[in-house]
Amino acid sequence: MMATLFGSLKLRIALMAVSVIALSVGMTVFLVTRDTALRAESSIKDSALDVDTVASTISSRLLNREQALARVAMQWPRTAAAPDRAVARAFLKQQAVLGVLFPHAFVAAARDGRVLAAVGDDDATVAALEGRSLLSRSYFRQAVSGRELSVSEIMDDGGSTAGELHVVLAVPLRDAAGKVVAVLGGVLRPQTDTVLTDSTRASSLSQDPIETIITDAAGRIVSHPDPAWLRHDVGEDPRLAAAAARWRSEGSPMEAQAWTWRTGDQFVAMAAVPEGNWMVFRVASADLLLGGPARGRAEAIWLGALVAIAGATLMLLATIWLLRPMRLLERRARRLLDESLPIDAGWPVGSGEIGRLSAVFRQVLVERAAVQRDGRQMLARLRAVMRNAPVGIAISRQGRVELASGRLGELLGYTEAELVGAPQQIIFPGGPGSEELMAQADAALAAGQLFSDEVQLQRRDGRRFWAALQGAAVNAGTPEAGVIWLVADISSQRQHREQLSWSATHDPLTELVNRREFEARMHALLNDRRRHGPASALFIDLDGFKAVNDSAGHAAGDAMLQHVATLLGSRVRDGDTVARLGGDEFAVLLAGCDRATAEAVAEQIRSRIAAFRLPWRDLTLQVGASIGVVEMDDSLPDIAAVMAAADAACYEAKRAGRNRVRSHRPEGAAVH
Ligand SMILES: Nc1nc2c(ncn2[C@@H]2O[C@H](COP(=O)(O)OP(=O)(O)OP(=O)(O)O)[C@@H](O)[C@H]2O)c(=O)[nH]1
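Since the model is a prediction, treat every value here as computed from it, not as a measurement.

Draft legend 1. Representation of the pattern of salt bridges within the structure. In total, this model carries 32 salt bridges according to the counting rule given. A salt bridge links Arg 460 to Glu 418; its shortest N-O distance comes to 3.0 Å. Here the residue Arg 460 occupies a position in the loop between β13 (451-458) and β14 (464-473), and Glu 418 occupies one in helix α13 (residues 416-419), the gap between them amounting to 42 residues. For Arg 460, a relative accessible area of 47% translates into the label partly exposed. Arg 515 is the partner of Glu 519 in a salt bridge, and the nearest nitrogen-oxygen pair spans 3.8 Å. Placement of the pair is Glu 519 and Arg 515 together in helix α16 (residues 515-527), with a separation of four residues, close to one helical turn. In this structure Arg 515 comes out as partly exposed when scored by relative accessible area, which is 32%.

Draft legend 2. Representation of the packing of aromatic side chains within the structure. Throughout the structure, instances matching the rule amount to three aromatic pairs. Judged by centre distance (5.0 Å) and plane angle (85 degrees), the rings of Trp 76 and Phe 91 are edge-to-face. With Trp 76 in the loop between α2 (9-74) and α3 (85-93) and Phe 91 in helix α3, the pair connects residues that are 15 residues apart, well separated along the chain. Of the two residues examined, Trp 76 and Phe 91, each falls in the buried class. Where Trp 247 meets Phe 281, the ring centres are 5.9 Å apart and the plane angle is 85 degrees; that geometry is what we call edge-to-face. Taken together, the positions of Trp 247 in helix α8 (residues 241-249) and Phe 281 in strand β10 (residues 278-285) put the pair 34 residues apart, joining distant regions of the chain. The lysine or arginine in question, Arg 459, covers the ring of Phe 465, its NZ or CZ lying 4.3 Å from the ring centre.

Draft legend 3. A look at the UniProt feature "transmembrane region" (unreviewed entry) in the protein. Under the feature "transmembrane region" (unreviewed entry), the UniProt entry names residues 12-32 and 300-323. Annotated as 96% helix and 0% strand, the span residues 300-323 places its first and last C-alpha atoms 33 Å apart.

Draft legend 4. Here's a closer look at unusual backbone geometry. Not every positive phi belongs to a glycine, and Gln 398 is a case in point at roughly 50 degrees. Non-glycine residue Arg 658 carries a positive phi angle of around 70 degrees. Looking at the secondary structure, you find Arg 658 in the loop between α21 (639-655) and β22 (661-665).

How each quantity is defined
Residues numbered from 1 in each chain as written. Predicted model: local features only at pLDDT ≥ 70, side-chain atom pairs only at ≥ 80, totals over all residues. Heavy atoms only, no water. Salt bridge = Lys/Arg side-chain N within 4 Å of Asp/Glu carboxyl O. Helix = DSSP H or I, 4+ residues; strand = E, 2+ residues; numbered from the N terminus. Buried < 20%, exposed > 50% of the residue type's maximum accessible area, 1.4 Å probe, protein only. Phe/Tyr/Trp six-rings, centres within 6.5 Å; stacked < 30°, edge-to-face > 60°. Lys NZ or Arg CZ within 6 Å of the ring centre and 35° of its normal. UniProt positions renumbered as here; feature names shortened; annotations may be inferred.

In structure tokens, the structure reads:
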């Protein structure tokens, strides 16, 4: 089932297409995923870099102001050992640069903390500052003690800044001896003096996922896009709580080096501004920061899946369309041998591979039709031959008849249908000599020779007939190809031939053997004399036969001859030969018989012939017999000698008065 399913070319092509599409989609998803990871990493790095930049910017701004204060402090008149308000005010009024950098206010305070003079953005600020004492401020005390730069913590105690958070940068002012005689301080408002605020200002883009929050060393928020968060602890912001806890657990380090922290769906980057003991926090929604790439990846996967499905469907449809000619070809090829369809019907046409293949099929059909036509003609001829051939024909293979002619059926008494498929023995029935016959046939056929013989076959009704049987291998050298048998009924020819043969050796009137046959048998006896022992011959010449002819006619003579022949046959053994040598002369060949016995036989014959009477019309006919006897001993080497001796003995009987027996004597005393 699976093999059949995956044997489908359509399915294979569709699977291949789906595989290619799936591979390319997978590759795309992999690349998108990798790109997403790289972009996320890059976003994290960017975020860390950003917080670093913010922290550096704030640091450089502080440094810038510190340097400005330091430069101004260098200009303090060294002679002013105990500065008064006038000196301080005059000094401050000259410092326009401080007005730019500390727009809210900058002051000069005596060692006792009294603010000697202040320059501010309005009179109220100046008035509020000039009445104050800074002695309680640690940054002031540090400056008085000689520290070159002191930065206050971020303060929130009202005063000149009217509730705004502020910070003070302080440097010592020295006399000519280097003694600190006063302190110069600049007041900064982180929220308004562009030290921090531009770093934390909310983006004009409401979608901006990133917020920058700045805290002091204690974690108090001193700058926030939303002013409502000012002075709150950074840990209160749920987005920053985990990062803040971690920061605090590590001792709230103030490191300029940025570090990042991922918590839940928030991403926090932190860096310190050591100059001010401030921490910069940048918080961003991980989803917003990394969401783009992640969504891109999901979209890519979905899109890829859709493309794969659409591609596979399209490919399947295209495959079905492309393979339509092949389906046609398959459907038509299934009915390739259906002769009810015209040869040219139902084939896909075209010049492509399928078209060429169907052309090949059509050509095969055309050639097959021609071969079938030839085959049918040949078969018709063969059937005519098998039906009408005057001899019996059979083709046998592996012991069974495969083809049989009508004539063979007639000869054997079977129908053609009964012969076809029957064992070969239906033609050659078992019987005496049949096994030997089949062995001879097999040997001849195996040697590639024609087998030919006259055999007796048996009809269905048991009657036997003589047949000329010929066998030849269908294909010499390959016995399994079968044998062609020809069977001709030769009964009449054989009978005729036997008749001819009988006539050649017999006398037609008396049916006794003739002289030639008699001499042949005598010759055989002479040649094999030792085996047979003594043998004798009688030579019989009738007496008075002419008178029978003359008195009663030739027919009566014939009848007399036939009766004498019968009489002779009755007086000898079965193995003896009685012959009519011609006219009224007869001879008898007695094997195993010496002269004495032969003489006795001759005597019996003579007396029987003499006693025989043939009634013929109103006559009674009779003859006598003069018989010469000869024993065929070694003195008579050949037929001529025997015949001459017998003839001489017979002559002697005639001469002695007829109707008597005379024997040949070897020693010359001739006749007895
Ligand atoms: N009917 C008949 N006569 C035959 C046949 N062949 C030979 N003859 C006759 O037989 C006769 C034989 O002659 P002979 O031997 O002289 O007759 P015969 O009277 O016996 O004389 P001897 O032998 O001297 O006693 C002839 O007249 C032949 O014509 C035959 O086939 N039929």
